[in-house]
Every structure is written in structure tokens, then in C-alpha cells.
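Structural features, examined
As a plain string of letters, each chain reads:
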There are 2 protein chains.
Amino acid sequence: MTIDAIARTRRFHRAVTSEVGALDSSFLGRGRPLGPARVLHAIGNGVSDVAEIRAHLKLDSGLMSRLLRGLEDEGLVTVTASDSDARRRQAQLTPAGKTEFAAYEALSDAQAGAILSRHPHPEALLQAMDLVATALGFDRTAIQRVPPSDPRAQHCLATYYAELAERFSGGFDVNLSADPEARDMEPPRGAFLLAVLDGLAIGCAGLKGTDKGYAEVKRVWVAPSARRMGLADLLMQAIEDEARGLGIRTLRLDTNSALPEAVRFYRKSGWREIPRFNDDPYPDVFFEKHL
Amino acid sequence: MTIDAIARTRRFHRAVTSEVGALDSSFLGRGRPLGPARVLHAIGNGVSDVAEIRAHLKLDSGLMSRLLRGLEDEGLVTVTASDSDARRRQAQLTPAGKTEFAAYEALSDAQAGAILSRHPHPEALLQAMDLVATALGFDRTAIQRVPPSDPRAQHCLATYYAELAERFSGGFDVNLSADPEARDMEPPRGAFLLAVLDGLAIGCAGLKGTDKGYAEVKRVWVAPSARRMGLADLLMQAIEDEARGLGIRTLRLDTNSALPEAVRFYRKSGWREIPRFNDDPYPDVFFEKHL
DNA sequence: TATTTTTTCTGACTTTTGTCAATCAAATGA
DNA sequence: TCATTTGATTGACAAAAGTCAGAAAAAATA
């Protein structure tokens with residue numbers, strides 16, 4: 001690693017450290033130390049299991065217990081025994097707790113808004129922040145099966161289509177393409193997979209069942225901030241696992257030579273180029289893979 | 001500000017917060033609380049004036065005094081009275097302090113290296129980190145006069161030339177251009193200005209004195225991470241101030257239509273297009289401004 | 001059923017960080 | 001020169017955060 005790269009990384013670190021400190025001080029403004037505020041924040045975000053909060057915030061069990069009781073005394077949370085295991089305890093916000101949580105959320109939102117609004121070109125800043133956030137947390141990426149109607153899936157697809165429209169010289173209209181019926185991408189005929197990192201979908205891939213003796217891989221997309229990280233490999237691996245689970249033995253896909261990185265990716269991932277197998281107007285490169 | 005933009009910013013914030021926490025924990029591994037470690041770090045970075053450290057770390061004077069004495073007792077720093085004002089005190093590292101400081105530096109470097117090395121495309125990550133760091137700290141940008149031989153100035157110029165070589169269809173060779181003698185860009189004939197943020201030069205501009213009744217503005221460059229922030233305005237304002245200070249009444253500059261954003265910038269900054277005034281092979285657009 | 005393990009709670013600490021007022025020495029300004 | 005201001009130190013606290021061992025209750029296991 002070059003000296004310059006390290007220095008730039010550390011400069012970045014200094015910059016965000018002072019930003020983090022600024023948010024912490026604004027939290028202090030609500031008259032509560034950071035400890036209880038962090039616990040309240042975790043509960044508000046849906047982490048109700050006390051042991052889970054403890055693991056997440058790396059707190060000693062004694063300290064956790066006291067912080068929780070403090071919040072109970074303030075009337076912000078109630079703690080009840082878990083149904084399945086009466087030793088474990090579940091914390092939830094009272095109405096007053098929800099109000100207080102909302103106030104912290106407003107502070108966070110205000111800070112985020114302030115960062116963005118003092119930048120003359122927020123979209124560039126957002127893209128840079130996405131890239132950094134994805135790089136730092138990439139190991140936590142989870143691949144999950146969702147219905148194609150999931151709003152996050154729809155968001156991925158919309159972004160994907162917009163990108164195709166930009167890269168194809170004649171634009172792209174999804175209605176001219178063979179738009180798969182949603183149920184072809186759901187079990188038992190197929191599947192739709194989402195790569196999710198910290199609540200944000202950073203990639204997707206669809207497996208579309210057909211009656212022609214093969215299934216099609218469709219809508220493979222990776223967010224710009226997550227490219228070159230090997231996410232496409234993860235997604236395709238998961239798609240192949242799904243296909244095997246559904247008893248599918250042959251996969252086909254089509255793509256376009258205007259997307260050379262995609263063509264290159266399939267070539268080196270064990271796909272074999274085959275002749276055109278549909279009359280879709282957009283693709284001009286066709287692949288097949290036997291599982 | 002859209003909901004989505006706020007959510008992305010907060011996701012970024014969460015990602016870097018855990019990274020910051022990881023570095024703090026690694027600092028704790030040296031058996032010293034964060035307070036003294038931060039003071040040691042500040043002194044090691046050349047902030048020797050105690051009042052300055054105090055302001056920088058936002059510490060109470062009593063706490064600061066105790067932290068310093070703790071470091072003195074450990075034999076890591078010595079504190080002496082300032083020459084100019086015997087009330088103020090200067091802290092410096094002992095040899096043992098330098099060793100300890102180096103250990104902290106190694107931890108920081110290791111963490112920075114780890115972030116970079118687990119990314120398959122570090123340069124993209126670095127550029128994103130630069131953009132974020134510049135956006136967060138832009139207000140702290142300082143414009144300072146340096147000799148053109150300053151290594152930071154040389155670094156800016158090298159990057160500038162590389163960029164020109166990429167954008168000019170026939171490439172760019174600075175030796176074919178009228179390479180100004182260094183002394184033409186130093187007082188009393190001219191000046192060379194650097195925009196510096198957190199130790200990194202993010203832009204430059206040169207004022208080159210001539211004997212022809214005008215001075216030339218040369219080498220106006222803004223780092224990609226700082227573009228669209230209005231830095232060129234700041235630099236040009238500073239250049240004009242320098243020129244006025246040197247008794248210069250007329251400024252000229254040349255640029256190239258392959259740099260449309262530069263041409264646009266000068267047009268809207270009160271520069272008037274004039275006919276070619278030199279035989280430099282690269283420029284094809286010429287401007288003049290009276291102060 | 002008896003024993004062990006897990007989860008939380010409590011009491012009794014310590015360490016770290018932050019605050020405030022009093023004091024002292026040096027510098028500043030009238 | 002003498003009062004005032006400034007920068008650092010000190011004592012006396014207080015709040016916040018972290019640690020640890022024991023106890024109680026529930027669950028898991030033998």
C-alpha cells in the first residue's frame with residue numbers, strides 16, 4: 001500500500017471522526033448521556049431482545065441492566081419476559097419512548113440533511129458515501145429471496161432499466177422486452193434474489209422458470225457503489241443454488257455486447273455461448289450453463 | 001432533501017461510526033485511556049502549544065493539565081515554558097514518547113491499510129473518500145502562498161499536466177508550452193497559491209509576472225474531489241488580491257476549448273475574450289480582465 | 001429429578017471524563 | 001507602577017462508563 005493512499009485514508013478518517021463527534025454532541029442536547037441514548041436508539045430500530053442489544057452495543061450485562069432500568073424509570077421503555085424463553089427479556093418503547101426516539105431520529109436526519117445541503121452537488125457526494133459504506137461493510141452483505149413485487153426489488157429494477165436506457169444506443173423500453181410474469185420469478189417456478197447491505201439493496205438477480213426444459217437468468221444487476229467487489233459472483237452462485245433446489249438442470253441467459261463487462265463476466269464464469277434462442281429485440285449475445 | 005438521500009447518508013454514518021469505534025478499541029490495546037492517547041497523538045503531530053491542543057481536542061484546562069502531567073509521569077513528554085510568553089507552555093515528545101507515538105501511528109496505518117486492501121479497486125475507494133473528506137471539511141480550506149518548488153505545488157502541477165494529457169486529443173507536453181520560470185511566479189513578480197485542506201493540496205493557481213504590461217494567470221487547477229464546490233472562485237479571488245497587492249492592473253490567461261468548464265467559468269467570472277496574444281501551441285481561447 | 005448452564009439483576013467497586021472555583025505567575029495596559 | 005487579564009495548575013467534586021462476583025430464575029441436560 002502506498003504512503004499516499006494511507007495518508008488519504010487517514011485524512012478521510014479524521015474528517016468523519018469530527019462529524020461523528022458532532023452528532024454525538026447533538027444527542028447530548030436531549031439531557032441524556034450517550035449510553036441510554038444508544039440503547040433507546042437500538043430499541044427504536046426494532047432490536048427488542050435485550051441480549052441482542054447487549055451484543056450489538058458491546059455492553060456489560062450489569063451496565064445494560066442499569067441503563068434499561070433508567071429508561072424504564074423515565075417511562076420510555078417497558079421490559080417483558082420473552083414468550084419462548086422467560087429468562088430472555090424484550091424491551092419495547094412506550095408512547096413517550098417513541099416520541100423521544102423520534103426526536104433523536106430528527107437530530108440524525110437534520111445532521112444528514114446539513115451535510116448534503118452544504119454540498120453544491122449532493123448526488124456526487126451520495127454516490128461517494130455509498131461507495132465507502134459498501135466498501136466498509138461489504139462482508140455483511142446478505143442475499144435473500146424476495147417476491148419481485150418487493151419495493152426494494154422494484155427499485156433495483158427501475159435503476160437497472162434506466163442504466164440500460166443510457167447504455168443502449170437506441171434506448172431501452174422494458175415493455176418491448178419479454179417482461180417475465182411475476183409468478184415465473186417466484187417459487188416454485190423461479191426466484192428473485194436481492195443482495196442487501198445495511199438495509200440498502202445493492203444488487204439483484206432473477207431466475208425465471210419456463211416450460212422449455214431450461215430456466216432463464218434475468219435482471220442481474222449490481223449497484224455502481226458495489227461493482228468490482230465480486231457481488232455478481234455471489235449472486236450467480238445463489239441463483240445456481242436456487243435453480244438446483246428447484247430441480248432445474250439447465251440455465252440460459254441473454255445479454256448485449258453494449259455491456260462488455262457482463263459478457264466478459266459470463267464467459268469466465270463457466271457459461272458457454274450459444275446461438276440466439278429467443279426473438280427479444282435487445283440481446284445479441286446468448287449463453288447456457290449446465291448445473 | 002429526499003428521504004432516500006437522508007437514508008443513504010445515515011447508512012454511511014453508521015458504516016464509518018463502527019470503523020471509528022474499531023480504531024478507538026485498537027488504541028485502547030496500548031494500555032492507555034483514549035484521553036492521554038489523543039493528547040500524545042496531537043503532540044506527535046506537531047501541535048506543541050498546550051492551549052492549541054486544548055482548543056483542538058476541546059478539553060477543559062484542568063483536565064488537559066492532568067492528562068499532560070500523566071504523560072510526563074510516564075516519561076513520554078516534557079513540558080517547557082514558551083520563549084515568547086512564559087505563561088504558555090510547549091509540550092514535546094521524549095524519545096520514549098516518540099516510540100509510543102510511532103506505535104499509535106502504526107495502528108492507524110494498519111487500519112487504513114486494512115480498509116484499502118480488502119477492497120479490490122482501492123483507487124475508486126480513495127477517490128470516494130477524498131470527495132467525502134473534502135465535502136465534510138471544505139470550510140476549513142486555506143489558501144496560502146508557496147514557492148512553485150514546494151512539493152505539494154509540484155504534485156498539483158503533475159496531476160494537472162496528466163489530466164491535460166488525457167483531455168487534449170494530441171496529448172500534452174509541458175515543455176512545448178511556455179513553461180514559466182519559477183521566479184516569475186514568486187514575489188515580487190508574481191505568486192503561486194495553493195488551496196490546502198487537512199494537509200492535502202486540493203487546488204492551485206499561478207500568477208506569472210511579465211514585462212508586457214500585464215500578468216498572466218496560469219496553472220489553475222482544482223482536484224477532482226473538490227470540483228463544483230466553488231474553489232476556483234476562491235482561488236481566482238485570491239489571485240486577483242495578490243495581483244492588486246503587486247500593483248498589477250491587467251490580467252490575461254489562455255485556455256483550451258477542450259476544457260469547456262474552464263471556458264465557461266472565465267466567461268461568467270468577468271473575463272473578456274480577446275484575440276490570441278501568444279504563440280503557445282496548446283491554447284485556443286484567450287481572456288483578459290482589468291482589476 | 002437433580003445438576004448444569006444461561007440470562008438477567010444487584011451491589012460494590014474502579015476508572016475515565018468532565019466541571020468549577022481558587023490560586024499563582026506572567027503579560028498587558030492604564 | 002499597579003490593577004487587570006490570561007494561561008496553567010490544583011483541589012474537590014460529580015457524572016458516566018466499565019468491571020466483577022454473587023444471587024435468582026428459567027431452561028437445558030444428564
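Scroll up to find the structure.
Summarised in this report is the structure supplied together with it. What you see is a predicted model; the values in this text were computed from it and never measured.

With respect to the protein's contact with DNA strand C
What surrounds DNA strand C is a group of 22 residues, the closest being Arg66, Arg69, Arg87 and Arg89 of chain A together with Ala86 of chain B. One nitrogen or oxygen atom from the side chain of Arg87 of chain A is found 2.9 Å from a base oxygen belonging to DNA strand C. Separating a base oxygen of DNA strand C from a side-chain N or O atom of Arg66 of chain B is a distance of 3.5 Å. Elements with a contribution of two residues or more to the surface near DNA strand C: helix 3 (50-57) and helix 4 (61-73) of chain A together with helix 2 (34-44) and helix 4 (61-73) of chain B. When its residues are assigned to classes, the surface near DNA strand C shows eight nonpolar, four polar and ten charged.

As for the protein's contact with DNA strand D
The local shell around DNA strand D holds 20 residues, among which Asp85 of chain A together with Arg66, Arg69, Arg87 and Arg89 of chain B are the closest. Of everything in DNA strand D that lies within 4 Å of the protein, sugar and phosphate atoms constitute 66%. One nitrogen or oxygen atom from the side chain of Arg87 of chain A is found 3.4 Å from a sugar or linking oxygen belonging to DNA strand D. In the model, a phosphate oxygen of DNA strand D is placed 2.9 Å from a nitrogen or oxygen of the Arg69 of chain B side chain. Within the residue set of the surface near DNA strand D, elements represented by two or more residues are helix 2 (34-44) and helix 4 of chain A together with helix 3 (50-57) and helix 4 of chain B. Looking at the surface near DNA strand D element by element, the count peaks at five residues for helix 4 of chain B. Considering only residue class, the surface near DNA strand D consists of six nonpolar, four polar and ten charged.

Considerations on the sheet that holds strand 8 (residues 272-273) of chain B
Where strands meet in a sheet, backbone hydrogen bonds hold them as pairs that are either parallel or antiparallel. All names here are of chain B. If you walk across this open sheet you meet the seven strands as 3-4-5-6-7-9-8, and the pairing is mixed. The strands lining the two open edges of the sheet, one partner per strand, are strand 3 (142-145) and strand 8. As defined by bridge partners, strand 5 (residues 200-209) adjoins strand 6 (residues 215-222) across six bridges and the pair is classed as antiparallel. In the sheet register, Gly206 faces strand 6, and the bridge partner there is Lys218. On top of the sheet, helix 7 (residues 151-167) reaches strand 3, strand 4 (191-197), strand 5 and strand 6; it is set at about 80° to strand 6, its chief contact. The strands that helix 8 (residues 231-245) touches are strand 3, strand 4, strand 5, strand 6, strand 7 (250-255) and strand 9 (285-290); relative to strand 5, the one it contacts most, it runs at about 35°.

Let's talk about the interface of chain A and chain B
In this assembly, 50 residues from chain A lie in contact with 50 residues from chain B. Approximately 5,000 Å² of surface area, both sides summed, lies buried where chain A meets chain B, with 66% of it carried by carbon and sulfur atoms. The largest share of the area that chain A buries against chain B comes from Arg8, Arg11 and Leu136 of chain A, three residues that together contribute 16% of it. Across the contact surface, chain A and chain B share ten salt bridges. For the salt bridge of Asp109 of chain A with Arg10 of chain B, the shortest nitrogen-to-oxygen distance reads 2.9 Å. For the interface between chain A and chain B, the tally reads 14 residue pairs in polar contact (both at pLDDT 80 or more). Within the residue set of the side of chain A that touches chain B, elements represented by two or more residues are helix 1 (3-28), helix 5 (95-117), helix 6 (122-137) and strand 5 (200-209) of chain A. Per-element tally for the side of chain A that touches chain B: the top contributor is helix 1 of chain A, with 15 residues.

Focus: the packing of aromatic side chains
Considering all chains together, one arrives at 17 aromatic pairs over all chains under this definition. Each ring, one from Phe265 of chain B and one from Tyr266 of chain B, has its centre 5.4 Å from the other, and the planes form 65°; the classification is edge-to-face. With respect to class, Phe265 of chain B is no different from Tyr266 of chain B; both count as buried. Chaining the aromatic ring pairs together yields one cluster made of Phe265, Tyr266, Trp271 and Phe287 of chain A. Directly above the aromatic system of Tyr214 of chain A lies the positively charged group of Arg252 of chain A, at a separation of 4.5 Å from the ring centroid.

As for the sheet that holds strand 7 (residues 250-255) of chain A
With respect to topology, seven strands assemble into an open sheet ordered 3-4-5-6-7-9-8 (chain A), the strand pairing being mixed. Either end of the sheet is taken by a strand with one partner, and the two such strands are strand 3 (142-145) and strand 8 (272-273) of chain A.

Some points on the pairing of strand 9 (residues 285-290) of chain A
Residues and elements named next belong to chain A. For strand 9, a buried count of five out of six residues is recorded, marking the element as mostly surrounded by other parts of the structure. As paired strands, strand 7 and strand 9 are joined by six bridges and run antiparallel to one another. Across the sheet, the residue bridging to Thr250 is His290, located in strand 9. In the sheet, strand 8 pairs with strand 9 via two bridges, with the strands oriented antiparallel. Following the sheet pairing, Glu273 is matched in strand 9 by Phe287.

A closer look at the nonpolar core
Counting 51 residues, the largest nonpolar core has Leu194, Leu207, Val217 and Tyr266 of chain A as the members making the most contacts within it. The set of elements that each furnish at least two residues to this core consists of helix 7 (151-167), strand 4 (191-197), strand 5, strand 6 (215-222), helix 8 (231-245), strand 7, helix 9 (260-268) and strand 9 of chain A. With sequence-adjacent residues up to four places away left out, Tyr266 of chain A is seen in contact with Val220, Met236, Leu253, Thr255, Trp271 and Phe287 of chain A. If you look at the next biggest cluster of nonpolar residues, it comprises 49 residues, including Leu164, Leu194, Ala195 and Val263 of chain B.

As for the state of the cysteines
Here, disulfide denotes a covalent bond that connects the sulfur atoms of two cysteines. All names here are of chain A. Here the structure, examined in full by the defined rule, presents zero disulfides over all chains. Not engaged in a disulfide, the cysteine Cys156 finds its nearest cysteine sulfur in Cys204; these two sulfurs lie 4.5 Å apart. When its relative accessible area of 1% is taken as the criterion, Cys156 is described as buried.

Conventions adopted
Residues numbered from 1 in each chain as written. Chains lettered and ligands numbered in written order. Predicted model: local features only at pLDDT ≥ 70, side-chain atom pairs only at ≥ 80, totals over all residues. Heavy atoms only, no water. Near = heavy atom within 4 Å. Polar contact = N/O pair within 3.5 Å; in protein donor to acceptor, adjacent residues only side chain to side chain. Helix = DSSP H or I, 4+ residues; strand = E, 2+ residues; numbered from the N terminus. Nonpolar A, V, L, I, M, F, W, Y, C, P; charged D, E, K, R; others polar. Pairing = 2+ DSSP bridges. Contact = heavy atoms within 4.5 Å. Axes fitted to C-alpha atoms, helices over the stretch in contact; angles between N-to-C directions. Buried area = accessible area lost by both parts, 1.4 Å probe. Salt bridge = Lys/Arg side-chain N within 4 Å of Asp/Glu carboxyl O. Phe/Tyr/Trp six-rings, centres within 6.5 Å; stacked < 30°, edge-to-face > 60°. Buried < 20%, exposed > 50% of the residue type's maximum accessible area, 1.4 Å probe, protein only. Lys NZ or Arg CZ within 6 Å of the ring centre and 35° of its normal. Core = buried A, V, L, I, M, F, W, Y, C linked by side-chain atoms within 4.5 Å. Disulfide = S-S within 2.5 Å.

Geometry only, nothing functional implied.
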